[in-house]
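Observations on the three-dimensional arrangement
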Amino acid sequence: MMKFRFRRQGADPQREKLKQELFAFHKTVEHGFPNQPSALAFDPELRIMAIGTRSGAVKIYGAPGVEFTGLHRDAATVTQMHFLPGQGRVLTLLDDDSLHLWEIVHHDGCAHLEEALHFQAPSRPGFDGASGLPSLAHITVVLLVAVGDMAALGTEGGSIFFLDVPTLTLLEGQTLGPDEVLRSVPDDYRCGKALGPVESLQGHLRDPTKILIGYSRGLLVIWNQAARCAERIFLGNQQLESVCWERSGHTVVSSHSDGSYAIWAADTGDSPTVQPTVATTPYGPFPCKAINKVLWRSCASGEHFVIFSGGMPRASYGDRHCVSVLQAETLVTLDFTSRVIDFFTVHSTRPEDEFDEPQALAVLLEEELVVLDLQTHGWPAVPAPYLAPLHSSAITCSAHVANVPAKLWARIVSAGEQQSPQPASGASSWPITGGRNLAQEPSQRGLLLTGHEDGTVRFWDASGVALRPLYKLSTAGLFQTDCEHADSLAQAAEDDWPPFRKVGCFDPYSDDPRLGVQKVALCKYTAQMVVAGTAGQVLVLELSDTPAEQVVGMASLDLLQDREGFTWKGHERLSPRLGPLPWPAGFQPRALIQCLPPAAVTAVTLHAEWGLVAFGTSHGFGLFDYLRRSPVLARCTLHPSDSLAMEGPLSRVKSLKKSLRQSFRRIRKSRASGKKRMVAGSKLQEANAQLAEQAGPQDVEVTPVQRRIEPRSADDSLSGVVRCLYFADTFLRDAAHHGPTMWAGTNSGSVFAYALEVPAAVAGGEKRPERAVEAVLGKEVQLMHRAPVVAIAVLDGRGRPLPEPYEASRDLAQAPDMQGGHAVLIASEEQFKVFTLPKVSAKTKFKLTAHEGCRVRKVALATFASVACEDYVETCLACLTNLGDVHVFSVPGLRPQVHYACIRKEDISGIASCVFTRHGQGFYLISPSEFERFSLSARNITEPLCSLDVHWPRDATRVSHRSRESPKLSQANGTPGIILAPQSRDGSPDPICKEADTLEPPEAMLSPMSIDSATSADTTLDTTGDMTVEDVKDFLGSSEESEKNLRNLSEEEARACAILIK
């Protein structure tokens, strides 16, 4: 009897094959703005842009949907990037003085980014046996010359080395030392001083043999590499920052550390030239900061552009991040909110053209990318079709809406276009248009909603690879804040000089932290949504195509229900504006419900068909009828010891003594119970070991030993926090009559089920009778271990989730089975359990914490379509744990299907920000500005599929001939890719990756399709996105283990050389 109790049958081969057709894990694409950018490059021929980051990532962007991603083997900062024009190759310089050549190559019709070669600069004299060769200590600047076949490397010692780009080898006998340059300099200029590091190298557009060299001391030299002589010398005495050589070669512009720039005539006069033609300090005469970079762009009209960064008055505006654009008498000082990394202009680079005629200016900032149209009057900003800063205000919550109806989509896009002077989809004026997007047009539209700290909700097009901004909803206008007064004072104090112009949308400062959005819910069939905030405000909004001025109905709901002994010590409620308020086209508020006390809203759900909204805080939950604008229900969930719940998230009066007392009590309790069960536990382990030895056949699997889980104390702090809310039409009172119900789950493992009396709407009319909605408590369930309830869902007679509101009544989804018995799935942090309805008796369960030793953080019901058969679909339960693993279970059997390692367990914010979609995909933050997209479905995959037309020189040979693939390695910022065998400098395969030859391609390349089934009836369960105490405990407890894992990394993984995203 006991022998079979501890055994279960082995895996079914047919089921295992079906699993492979249903499930597969991919990290597909990164949405948003690269974290910590450090370098920028632009290919004017292919119209593609490259961004390098401090973590060593290389990201190349073209037209919307054209993206390539790579990662250097060492997590070093990318300091410089240079495209080989038209070849699809980019040369990167890292802060460890290593050079890397990347190629965009095509495999199976799709383009990929691969690292071809790398070069480590030697730090000792006499490299390659050449005695007397100066030391290549630190590379300061790189210049590609001779149509990309050779690169000049300027160093900190003042020497210039030359590198053969196709092989990345140093060219002997061509090194230019500072002593050779000093021979052409007058004796009085030498005066014993060194020239300093090479600050700038510029090439001549029409004569590649000439190089303009700028030294830190201020000396400028036009060097003829073919004749090995200096043609022109400019004796500058101010410390040099950057140099620009005008396309005709007649003008040289230099910028300096004192905030000045100088214009030198290179075609007339005697050499050496002592004085520049023009020398000016734009923001003088007081001391100014250095001009870090300057560009000169010529125009046929004679009104040339001078564009430079920095140079602001040190005392008054030394903390500003500015780029100045000067044309004739017009000067505009572009004022940004983050540091300027680099900038470039999109202009003509054909040698036959006489003028530059710049079309656009692209400025890479630390937190965003800004593009200005230089051909339109006023130089307006061009809306970006991608690379939008998700963190323009800090993200506080997120939600995904799948299968958005076309009508609602068009209305949201229209509202977004009215917000900006130019269409949000202005890809026609976007200057970075290289490559072709080969991905199929998505059959269904997906919306990603992000709530922010400043009270805004942003709508993003998440249908494809490019995350495009659609619309921004602001809730701050409904409340009285001090931001308007502060803005007016700032504008009054602003002088007319310098002529500042605020550019960009990154604004990390919130006017009032109480405005922060905590929860968002959207009904895609009625265009109604709910936005809940930090100060207990709950807004019901409705989409309108026209602007309106209206009064917003307001109501308050006391969740404490006059309970004595509780005093709120947190922040005050927001004061709403009174009277009619103007609202632009878009989502306009219809009702405002204020929870009292004004604690942060932790859960919210909307049922537009019944006209009800439910919301919960750390004190209880409420139900509101927004059609009649009247409260229906208020229930307090506080325990008598929940003192911390009254202090709020912004209070500093946390009871440290109480938390320490509770910790020691739990430790003593666990030790005492452990001693009592020690003898019995040892006997049980011996019996289990004997049974394991008696297992005969190989296909018989031993059930893992379950961990002993201590029940949580009922007086734990914050036990009354409402974690989830759910509406369902099911059987609660008896098995013969079904009706509307509302379910609520709390932090202490309590589940409350209410039967609702919702008056039916009159036939043919949209409004229901004036009779009030009634709520009666039907069931109350207390989980044994008091684990927090993460999600609740009701399953119909066929074991499928109930459809969303209006889906069944409008024939948009299959009607639920109301004949068989319903069941309710309750997911806590420790286990999943299915109860029958209406008796609420346990049917089946899976103890995740007991089996796997982890806790549930996020849960969602999703549909998975088969790769082999499009009509075969399974609804499963996907969950994310505190260890960062994703598990998939069957529904309603709760049998484990697959599990994958998705997020690092130390990444607490990434785990807290994860959101699942209805079709087996997910998003989580890998940085404050980037979402990582992943897929659990073998069929539903959204990943870059693109091509690029490259033009190789006739004598150029491709140095990368690799089709072998090896296992995936995660990038520093999250996305994995295919590691490709690196090549050494002589073009032979690197022996490091020889083991990869025998590995088969991973399953990630099976089905590059993005398909959403419109007929699936799955439900995404809303879970809280706040970090909990357990999250921090998991992080602190795993620090030693993570250090061991880092030390034990294999050499193969540490030396992985390239990333491919298909």
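Reading the values: rules and limits
Residues numbered from 1 in each chain as written. Predicted model: local features only at pLDDT ≥ 70, side-chain atom pairs only at ≥ 80, totals over all residues. Heavy atoms only, no water. Helix = DSSP H or I, 4+ residues; strand = E, 2+ residues; numbered from the N terminus. Buried < 20%, exposed > 50% of the residue type's maximum accessible area, 1.4 Å probe, protein only. Contact = heavy atoms within 4.5 Å. Areas by Shrake-Rupley, 256 points an atom, 1.4 Å probe, with all protein chains shown as cover. Pairing = 2+ DSSP bridges. Axes fitted to C-alpha atoms, helices over the stretch in contact; angles between N-to-C directions. Phe/Tyr/Trp six-rings, centres within 6.5 Å; stacked < 30°, edge-to-face > 60°. Salt bridge = Lys/Arg side-chain N within 4 Å of Asp/Glu carboxyl O. Core = buried A, V, L, I, M, F, W, Y, C linked by side-chain atoms within 4.5 Å. Polar contact = N/O pair within 3.5 Å; in protein donor to acceptor, adjacent residues only side chain to side chain. Disulfide = S-S within 2.5 Å. Expected span 1.5 Å × (residues − 1). Arc of directions from axis to C-beta. pLDDT = per-residue confidence, 0-100.

**Thoughts on the overall build of the protein**
- The secondary structure content of the protein amounts to 14 helices and 65 strands.
- Within the span of the protein, comprising 1062 residues, buried residues form 55% of the whole.
- Contacts in the protein between residues far apart in sequence, at least 24 positions, make up 62% of those at least 6 positions apart.
- Total accessible area computed for the protein in this model is approximately 45,500 Å², and 51% of it derives from carbon and sulfur atoms.

**Description of the sheet that holds strand 44 (residues 612-616)**
- Reading across from one edge, 43-44-45-46 is the order of the four strands in this open sheet, with antiparallel pairing throughout. Because the sheet does not close on itself, it has two edges, and the strands there are strand 43 (603-607) and strand 46 (630-636). Pairwise comparison of adjacent strand axes, ignoring direction, gives a mean angle of 10° for this sheet.
- The sheet contact formed by strand 43 and strand 44 spans five bridges and is antiparallel. The residue bridging Leu 606 from the neighbouring strand is Val 613, located in strand 44.

**Comments concerning the packing of aromatic side chains**
- As enumerated under the stated definition, the model contains 23 aromatic pairs in all.
- Here the aromatic rings of Phe 459 and Phe 587 are separated by 5.5 Å at their centres, their planes lie at 15°, and the arrangement is stacked. Taken as a pair, Phe 459 in strand 33 (residues 456-461) and Phe 587 in strand 42 (residues 586-596) lie far apart in primary sequence, 128 residues in all. Just as Phe 459 is buried, Phe 587 falls in that class too.

**Brief notes about the pattern of salt bridges**
- Under the definition given, this model contains 32 salt bridges.
- Its salt-bridge partner being Glu 830, residue Arg 855 comes within 3.0 Å of it at the nearest N-O pair. Placement of Arg 855 in the loop between helix 10 (848-852) and strand 56 (856-865) and of Glu 830 in the loop between strand 53 (823-828) and strand 54 (831-836) is noted, with a sequence separation of 25 residues between them.
- Relative accessible area serves as the criterion here: at 23%, Arg 855 is assigned to the partly exposed category.
- Note that Arg 939 and Glu 870 form a salt bridge whose closest N and O atoms lie 3.7 Å from each other. Pair noted here: Arg 939 is in the loop between strand 62 (930-937) and strand 63 (946-947) and Glu 870 is in the loop between strand 56 and strand 57 (873-881), with a separation of 69 residues, a long-range link.

**Notes on the environment of Ser 184**
- Take Ser 184: it is sitting in the loop between helix 3 (178-182) and helix 4 (187-190).
- Residue classification places Ser 184 among the partly exposed positions, given a relative accessible area of 33%.
- Put simply, Ser 184 and Arg 232 are 48 residues apart on the chain and 9.4 Å apart in space, counted from C-alpha to C-alpha.

**Section: the nonpolar core**
- Trp 743, Phe 832, Val 859 and Leu 877 are the most contacted members of the largest nonpolar core, which totals 39 residues.
- Elements supplying a minimum of two residues to this core: strand 48 (722-730), strand 50 (750-757), strand 52 (789-795), strand 53, strand 54, strand 56 and strand 57.
- With seven residues, the top contributor of residues to this core is strand 52.

**Focus: the sheet that holds strand 20 (residues 251-256)**
- Taken in spatial order, the four strands of this open sheet run 19-20-21-22, and their pairing is antiparallel. Looking at which strands have only one partner, the edges of the open sheet turn out to be strand 19 (240-245) and strand 22 (278-280). Taken over all neighbouring pairs, the strand axes of this sheet differ in orientation by 15° on average, direction set aside.
- Judged from the five bridges that link them, strand 19 and strand 20 form a sheet pairing that is antiparallel. Residue Cys 244 lies in a different strand from strand 20, and its bridge partner there is Val 253.

**Some remarks on the environment of Arg 73**
- Within the secondary structure, Arg 73 sits in the loop between strand 6 (67-71) and strand 7 (78-84).
- Spatially, the C-alpha atoms of Arg 73 and Gly 56 are 7.9 Å apart, while their sequence positions differ by 17 residues.
- Among the polar contacts made by the side chain of Arg 73, one reaches the side chain of His 118 at a distance of 3.2 Å.

**A few points about unusual backbone geometry**
- Note that the residue after Gly 284, namely Pro 285, is joined by a cis bond; omega there is 5°.
- Structurally, Pro 285 is set in the loop between strand 22 and strand 23 (291-297).
- Here the residue pair Leu 837 and Pro 838 is connected by a cis peptide bond, since its omega of 5° sits within 30 degrees of zero.
- Within the fold, Pro 838 resides in the loop between strand 54 and strand 55 (842-847).
- Its identity is not glycine, yet Gln 36 carries a phi of approximately 55°, on the positive side.
- At Trp 379, a residue that is not glycine, the phi angle is positive and equals roughly 50°.
- Among the structural elements, Trp 379 can be located in the loop between strand 29 (369-373) and strand 30 (395-401).

**Considering the pairing of strand 25 (residues 321-327)**
- Most of strand 25 sits inside the fold, with five of its seven residues counted as buried.
- Bridge analysis of strand 24 (residues 305-310) against strand 25 gives five bridges, and the strand direction is antiparallel. When the sheet's bridge partners are listed, Ile 307 is paired in strand 25 with Val 325.
- Counted along the chain from strand 25 to the antiparallel partner strand 26 (residues 330-336), the turn is two residues long, and its residue Ala 328 has a positive phi close to 55°.

**Some words on the pairing of strand 62**
- Most of strand 62 sits out of view: eight of its eight residues are buried.
- Sheet topology note: the strand 2 (residues 23-32)/strand 62 ladder contains seven bridges and is antiparallel. Paired with His 31 across the strands is Phe 931, a residue of strand 62.

**Notes on the side chain of Thr 746**
- The topology assignment puts Thr 746 in strand 49 (residues 739-746).
- Taking relative accessible area as the criterion, Thr 746 reaches 1% and is therefore assigned buried.
- Each residue touching Thr 746, except ones within four places of it in the same chain, is listed here: Thr 637, Ser 719, Val 721, Val 722, Arg 723, Phe 752, Pro 788 and Val 789.

**Looking at the side chain of Asp 625**
- Relative to the helices and strands, Asp 625 resides in strand 45 (residues 620-625).
- Since its relative accessible area comes to 1%, Asp 625 is described here as buried.
- Only 3.1 Å separates the side chain of Asp 625 from the backbone nitrogen of Leu 627, close enough to count as a polar contact.

**A few points about the state of the cysteines**
- A full pass over the atoms with the stated rule returns zero disulfides.
- No disulfide involves Cys 946; its nearest neighbouring cysteine sulfur is the one of Cys 110, lying 7.3 Å away.

**Some remarks on helix 6 (residues 406-419)**
- Between its first and last C-alpha atoms helix 6 spans 20 Å; for 14 residues at 1.5 Å apiece the expected length is 20 Å, and the two agree.
- Turning to helix 6, its buried residues are Leu 408, Trp 409, Ile 412, Val 413, Ala 415 and Gly 416. Down the axis of helix 6, the smallest arc covering the buried residues is 160°, so these residues share one side. Among the exposed residues of helix 6, those pointing more than 90 degrees away from its buried face are Ala 406 and Lys 407.
- Along its buried surface, helix 6 packs onto strand 32 (447-452), strand 33, strand 34 (468-474), strand 38 (537-544) and strand 42.

**As for the confidence of the model for the protein**
- Per-residue pLDDT for the protein has a mean of 82; in total, 77% of the residues score no lower than 70.
- Below pLDDT 50 for its whole length, residues 126-133 participates in nine contacts with residues either more than four positions away or in separate chains.

**Examining the environment of Pro 803**
- Structurally, Pro 803 can be placed in the loop between strand 52 and strand 53.
- Under the relative-accessibility criterion, Pro 803 is labelled buried at 19%.
- Taking the C-alpha atoms as reference points, Pro 803 and Ala 813, separated by ten residues in sequence, lie 6.8 Å from one another.
- When residues no more than four places from it in sequence are discounted, the contact partners of Pro 803 are Ala 808, Ala 813, Gln 814 and Pro 816.

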